[in-house]
Amino acid sequence: MAICPKGKISKGRRDKRRAQSWKISTATLINCPSCNELTLPHRACKSCGNYKRVEVLKVGN
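Per chain, the residues get numbers from 1 upward, laid out in the order the sequence is written. With pLDDT at 70 or above as the cut-off, local features in this predicted model cover only qualifying residues; side-chain atom pairs require 80 or more to be listed or tallied, and sums for whole chains, interfaces and linings still use all residues. As a rule here, side-chain values cover all heavy atoms of the structure and leave hydrogens and water aside.

## Digging into the state of the cysteines
Test applied: Our working definition of a disulfide is a cysteine sulfur pair at a distance within 2.5 Å. Here's how the labels work: a residue is buried when its accessible area is under 20% of the maximum for its type, exposed when over 50%, partly exposed in between, all with a 1.4 Å probe on protein chains only.
Applying the stated rule across the entire model yields 0 disulfides. Cysteine C45 is unpaired, with the sulfur of C35 as its nearest cysteine sulfur at 3.6 Å. Residue C45 is classed as buried on the basis of its relative accessible area of 2%. Not part of a disulfide, C48 finds its nearest cysteine sulfur in C32, a span of 3.7 Å.

Below you can see the structure in the form of structure tokens.
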């Protein structure tokens, strides 16, 4: 037994649903535990070079 759609979905209804995919949400930011600057999660801090309180980048200040 094949599963069939109950009715035709109009192009407008279909396109309204597809139009939502281009929206971009705001980036989640966290405070760096070392310098308290806002940074992206799971990435080294750009201001101090630390990741999980370990220096992984040399940042020239």
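Having seen it, we continue.
## Comments concerning the pattern of salt bridges
Between side chains of opposite charge, pairing is possible as soon as their charged atoms come close. The following threshold applies: Any Lys or Arg side-chain nitrogen located within 4 Å of an Asp or Glu carboxyl oxygen qualifies as a salt bridge.
Summed over the entire model, instances satisfying the criterion amount to 1 salt bridge. D15 is paired through a salt bridge with R14; the nearest N and O atoms lie 3.0 Å apart. The exposure class assigned to R14 is partly exposed, which follows from its relative accessible area of 28%.

## Some details on unusual backbone geometry
How we decide: Secondary structure follows DSSP: runs of H or I at least 4 residues long count as helices, runs of E at least 2 residues long count as strands, and numbering of each begins at the N terminus.
Despite not being glycine, N36 shows a phi value in the positive range, around 65 degrees. Within the secondary structure, N36 sits in the loop between β1 (30–31) and β2 (38–39). Residue N36 is classed as exposed on the basis of its relative accessible area of 55%. Although it is not a glycine, K52 sits at a positive phi angle of roughly 55 degrees. Along the chain, K52 falls in the loop between β3 (50–51) and β4 (54–55). We classify K52 as exposed; its relative accessible area is 65%.

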